[in-house]
Amino acid sequence: MKLAVVGARGRMGQTVVRLAGEQGIDVTCTIDAGDPIAKLGKSGADVVIDFSTPGATAALAEVASSAGIAIVSGTTGLGDEARAALDRASAKVAVAWEPNMSIGVHVFGELVKRAIAMLGPEFDVEIVETHHRQKVDAPSGTALRLAEIAKTAMSGARLVHGREGRPGARTGTEIGMHAMRGGDVIGDHSVHLLGAGERLELVHRASSRDLFASGALRVARWIAGRGAGVYTMMDVLGG
């Protein structure tokens with residue numbers, strides 16, 4: 001497999017390049033801020049891994065799809081423009097966008113879905129995420145994905161971001177969302193399931209950025225050579 005990396009000088013991009021080298025993967029092209037996205041089209045890559053910015057993701061989607069390069073993106077905070085660009089690209093090439101490339105966090109999501117469905121509406125759901133002080137978007141993409149998972153198991157659920165003042169008594173249809181920032185925390189996510197007289201806490205903690213890069217490389221190896229369409233980590237894991 002020949003690989004291109006966008007966002008190559010960022011923390012995640014550097015980790016992807018390092019681990020790719022350790023795994024014997026040929027990195028044919030690296031692109032970062034200030035580099036022309038157009039050179040991706042001439043890279044000869046089979047797959048591009050993207051840990052960049054929403055604007056760069058939107059731009060590379062067009063170039064990669066035109067060049068027949070599969071896309072694996074872990075860029076968070078994507079807006080409508082970048083999401084639409086990935087959707088258009090998926091008509092021509094294989095596309096996988098996951099805001100969290102950890103294998104464990106996807107298993108975590110399946111456990112959350114099952115727990116909420118089994119516990120029923122008598123249990124309230126609150127999501128808390130913690131990241132390092134440099135993270136620019138909130139809530140994290142993973143926390144938002146967990147909220148979407150919770151919604152599938154709760155009828156009429158709505159997302160409530162934090163609470164202050166006098167918001168009134170909590171309703172059974174709320175999914176509370178809380179973002180903490182500080183220090184060098186790589187990424188912690190907790191889902192609190194609170195009932196009468198008992199509560200459960202499901203937790204995933206990331207202790208190394210290597211796990212995200214390793215997950216992205218696993219997706220890249222799996223997606224290389226596949227037909228056009230949208231794929232997820234659960235497709236890779238066989239879920």
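Refer to the structure above for everything that follows.
Residues numbered from 1 in each chain as written. Predicted model: local features only at pLDDT ≥ 70, side-chain atom pairs only at ≥ 80, totals over all residues. Heavy atoms only, no water.

S.K.: Which residues make up the nonpolar core, and what are the values?
M.R.: Ranked by internal contacts, the top residues of the largest apolar core, which has 28 residues, are L3, V16, I49, V72, M101, L217 and I223. For this core, the elements supplying multiple residues, two or more each, are β1 (2-6), α1 (11-22), β3 (47-50), β4 (70-73), β5 (94-97), α6 (210-223) and α7 (233-237). Among the elements that take part in this core, α6 stands out by supplying seven residues, more than any other. The residues contacting I49, other than those within four sequence positions of it, are L3, A4, V5, V6, V16, V72, A216, L217 and A220. (Core = buried A, V, L, I, M, F, W, Y, C linked by side-chain atoms within 4.5 Å. Buried < 20%, exposed > 50% of the residue type's maximum accessible area, 1.4 Å probe, protein only. Helix = DSSP H or I, 4+ residues; strand = E, 2+ residues; numbered from the N terminus. Contact = heavy atoms within 4.5 Å.)

S.K.: Help me get a handle on the sheet that holds strand β7 (residues 158-161), residues and values and all.
M.R.: Across the sheet, five strands lie side by side as β7-β8-β6-β9-β10; this open sheet has mixed pairing. A strand with exactly one partner marks an edge of an open sheet, and here the two such strands are β7 and β10 (199-206). Taking each pair of neighbouring strands and ignoring which way they run, the sheet shows an average axis angle of 20°. Bridging between strand β6 (residues 124-131) and strand β9 (residues 187-194) involves seven bridges; their strand directions are antiparallel. Residue pairing in the sheet places I127 in a bridge with V191 of β9. Contacts between helix α4 (residues 103-119) and the sheet are confined to β6, β9 and β10, with β10 contributing the most and set at about 170° to the helix. Here helix α5 (residues 141-153) sits on the sheet and contacts β6, β7, β8 (174-181) and β9; the angle it forms with β8, its principal contact strand, is near 170°. (Pairing = 2+ DSSP bridges. Axes fitted to C-alpha atoms, helices over the stretch in contact; angles between N-to-C directions.)

S.K.: Any chance you could break down the sheet that holds strand β2 (residues 26-31) for me, citing the residues and the numbers?
M.R.: Within the open sheet, the six strands sit side by side as β2-β1-β3-β4-β5-β11. Their pairing is parallel. Each having just a single partner strand, β2 and β11 (229-231) make up the two edges of the open sheet. Going from strand to strand, the sheet's axes swing by 20° on average, the running direction of each strand aside. Bridge count between β3 and β4: four bridges; the pairing is parallel. When the bridges of β4 are listed, D50 appears paired with S73.

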